[in-house]
Amino acid sequence: MLHLSFIREKYGTRDVGMKKKLLKITILAFISISIISCRTVDTAVDYSNPENWAYYAEGSNKDVDLFLVCPTVDMGEKGNLNMSMHDETTKGNFIGALNMERGIYEDTTTMYAPFYRQMTFPVYAERKAEEGAYLDIAYSDIKDAFIYYLDNLNNGRPFILAGFSQGAQLVLMLLEDLFDDPQLQDSLIAAYCIGWKVTEEDLEEYPHLKMAEGEYDTGVIVSFNSESIETEDSIIIPEGTKTLGINPLSWSTDSTKADKSLNKGACFTDYSGSITNEIPYLTGAYLDPERGTLKVTDVKAEDYSTPLFPDGVYHLYDYQFFFRNLEENVENRIDTWMNII
């Protein structure tokens, strides 16, 4: 703390009263800003601590690792725009959301999933998810966790990257940022970036990115976004945007309709990861030639309403509608990678 004698020495005695008041105001302002900042953003996360991982070597002794990034679970009900690492309730939901996806990967991979200061849902609702400090905070955590994983946990094993929604967005950013490295490219079996857009502009800016073109290619991005035939706009794929994708029923990239007979099982899961309902042949799908989205053909929008999205935006069901096809595909791409090596 500055002593009064310093003020006298710097400004003289005549203005000491005024300078003292200004100093007090400045200190109070600084304290206020610091308090606000501390409430908004935690310090950098220490990923050498296993407690900062939702999954840490889960299902060990597999030949392949999974680095999995959680979707948005923090609704920002406290006015926060990034999740606090000290919010134990939200961290419980975080693990629950991961568990809903784990069945796709757990038989074939050792799973790692970091807790991170994710953007909260209002950031997406206001369509700010591609700009600003909120994204920087979330991505810095994921990048730090991934680099820690590579340096300390991977031990030269091949790996899969996967994420849904915000998780897919951050996985794509990792690919853009780090995967111009040939060694990383060679170790990547596939990146499942489901529920986020990948555009031609992304591929032009980052030419090392490769989209999946079939069922067995490796080192590629697997992506799609589910919606009704009538939907023309969503938070993820705004009207006028075209995304790139692949059909998880036929593993084709054209707009040919895949019949629901190709759907090996829609699986609806709970926060424990248990399958509460499995429906083979639930729906067919095709890629929209204009939007690039995955048009879901055989369900009724009102049967899959959610409070977060308009009817017909099947974002929350991207994994669940095509669960068994994705599970099989993970195994197929691993087998292909292993046989190539």
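**Q** How do you make sense of the overall build of the chain when you look at a structure like this?
**A** When you go through the chain residue by residue, the secondary structure sums to 10 helices and 11 strands. When the 341 residues of the chain are sorted by exposure, 52% land in the buried category. Across the chain, the fraction of contacts at a sequence separation of at least 24, relative to all contacts at a separation of at least 6, is 75%. Total accessible area computed for the chain in this model is approximately 16,200 Å², and 51% of it derives from carbon and sulfur atoms.

**Q** Can you walk me through the pairing of strand S4 (residues 159-164) in this structure?
**A** A regular strand carries its side chains on alternate faces of the sheet. Burial within S4 is extensive, with six of its six residues counted as buried. Every second residue of S4 is oriented toward a common face, with Phe159, Leu161 and Gly163 on one face and Ile160, Ala162 and Phe164 on the other, all of them buried. The sheet contact formed by strand S2 (residues 65-69) and S4 spans five bridges and is parallel. Note on S4: the bridge partner recorded for Phe67 is Leu161.

**Q** Looking at this model, I keep getting lost on the sheet that holds strand S1 (residues 53-58). Mind explaining?
**A** The strands that make up a sheet are held in pairs by hydrogen bonds between backbone atoms, and each pair lies either parallel or antiparallel. Strand order in the open sheet formed by six strands is S1-S3-S2-S4-S5-S6, with mixed pairing between adjacent strands. At either end of the open sheet lies a strand with only one pairing partner, and these are S1 and strand S6 (220-222). Pairwise comparison of adjacent strand axes, ignoring direction, gives a mean angle of 20 degrees for this sheet. Lying on the sheet, helix H3 (residues 88-102) is in contact with S1, S2, strand S3 (110-114) and S4; it crosses S1 at an angle near 40 degrees. Strand contacts of helix H10 (residues 323-340): S4, strand S5 (188-194) and S6, with the helix running at about 155 degrees to S5, the strand carrying the most contacts.

**Q** What is the right way to look at the sheet that holds strand S11 (residues 294-296) in this model?
**A** Taken in spatial order, the three strands make up an open sheet running S7-S11-S10, and their pairing is mixed. Lying at the two open borders of the sheet, with one neighbouring strand each, are strand S7 (226-227) and strand S10 (285-287). In terms of strand pairing, S10 meets S11 through three bridges, oriented antiparallel. The residue bridging Ala285 from the neighbouring strand is Val296, located in S11.

**Q** Mind showing me how you'd approach the nonpolar core here?
**A** Soluble globular proteins tend to bury their nonpolar side chains together. Within the largest apolar cluster, 96 residues are counted, with the highest numbers of intra-cluster contacts made by Phe67, Tyr105, Leu161, Leu175, Tyr192 and Phe321. Sort the elements by how many residues they give to this core and helix H5 (residues 132-152) lands first, with eight residues. Beyond its immediate stretch of four places on either side in the chain, Leu161 contacts Phe67, Phe146, Val171, Leu175, Phe179, Leu188, Ala190, Ala191 and Tyr192.

**Q** What is the right way to look at unusual backbone geometry in this model?
**A** Both trends apply: most residues other than glycine have a negative phi, and most peptide bonds are in trans. Its identity as a non-glycine residue notwithstanding, Ala57 has a phi of 55 degrees, on the positive side. Residue Ala57 is classed as partly exposed on the basis of its relative accessible area, which comes to 27%. Of note, Trp251 is a non-glycine position whose phi angle comes to about 55 degrees, a positive value. Position of Trp251 relative to the elements: it lies in the loop between S7 and strand S8 (266-269).

**Q** What's the story with the packing of aromatic side chains in this structure? I'm lost.
**A** Here a ring pair, both rings aromatic, is described through the centre-centre distance and the interplanar angle of the planes. Under the definition given, this model contains 29 aromatic pairs. A centroid spacing of 6.3 Å and a plane angle of 90 degrees characterise the contact between Tyr124 and Trp196, whose relative ring orientation is edge-to-face. Highlighted residues: Tyr124 in helix H4 (residues 121-125) and Trp196 in the loop between S5 and helix H8 (200-205), separated in sequence by 72 residues. An identical accessibility class is assigned to Tyr124 and Trp196; each is buried. When the centroid spacing of 6.3 Å and the interplanar angle of 90 degrees are considered together, the rings of Tyr149 and Phe159 count as edge-to-face. In this pair, Tyr149 is assigned in helix H5 and Phe159 in strand S4, connecting sequence segments 10 residues apart. Ring-pair connections join several aromatic residues into one group, and the members of that group are Tyr47, Trp53, Tyr56, Phe67, Tyr112, Phe146, Tyr149, Phe159 and Phe179.

**Q** Got a minute to help me understand the pattern of salt bridges in this structure?
**A** In this structure the tally under the stated criterion is 16 salt bridges. Salt-bridge contacts for Glu328 lead to Lys264; the nearest nitrogen and oxygen are separated by 2.7 Å. Placement of the pair is Glu328 in helix H10 and Lys264 in the loop between S7 and S8, with a sequence separation of 64 residues. Given the relative accessible area of 29%, Glu328 is considered partly exposed. Judged by relative accessible area, which is 43%, Lys264 ranks as partly exposed. Close ionic contact of Glu327 with Arg324 constitutes a salt bridge, the shortest N to O distance being 2.8 Å. Here Glu327 pairs with Arg324, and both are found in helix H10, just three residues apart, close to one helical turn. Overlapping salt bridges bring together Glu58, Arg102 and Glu106 as one network.

**Q** Would you take a moment to explain the side chain of Arg117 for this structure?
**A** Mapped onto the secondary structure, Arg117 falls in the loop between S3 and H4. The exposure class assigned to Arg117 is buried, which follows from its relative accessible area of 5%. A polar contact is formed between the side chain of Arg117 and the backbone oxygen of Thr43, at a distance of 3.4 Å.

**Q** Would you explain the environment of Ser223 in this entry?
**A** Here Ser223 is to be found in the loop between S6 and S7. Each C-alpha atom, one on Ser223 and one on Leu244, is 7.3 Å from the other, the two residues being 21 residues apart in sequence. If near-sequence neighbours (up to four positions away) are discounted, Ser223 is found in contact with Cys193, Trp196, Val198, Met211, Leu244, Gly245 and Ile246. Only 2.8 Å separates the side chain of Ser223 from the backbone oxygen of Cys193, close enough to count as a polar contact.

How each quantity is defined
- Residues numbered from 1 in each chain as written.
- Predicted model: local features only at pLDDT ≥ 70, side-chain atom pairs only at ≥ 80, totals over all residues.
- Heavy atoms only, no water.
- Helix = DSSP H or I, 4+ residues; strand = E, 2+ residues; numbered from the N terminus.
- Buried < 20%, exposed > 50% of the residue type's maximum accessible area, 1.4 Å probe, protein only.
- Contact = heavy atoms within 4.5 Å.
- Areas by Shrake-Rupley, 256 points an atom, 1.4 Å probe, with all protein chains shown as cover.
- Pairing = 2+ DSSP bridges.
- Axes fitted to C-alpha atoms, helices over the stretch in contact; angles between N-to-C directions.
- Core = buried A, V, L, I, M, F, W, Y, C linked by side-chain atoms within 4.5 Å.
- Phe/Tyr/Trp six-rings, centres within 6.5 Å; stacked < 30°, edge-to-face > 60°.
- Salt bridge = Lys/Arg side-chain N within 4 Å of Asp/Glu carboxyl O.
- Polar contact = N/O pair within 3.5 Å; in protein donor to acceptor, adjacent residues only side chain to side chain.

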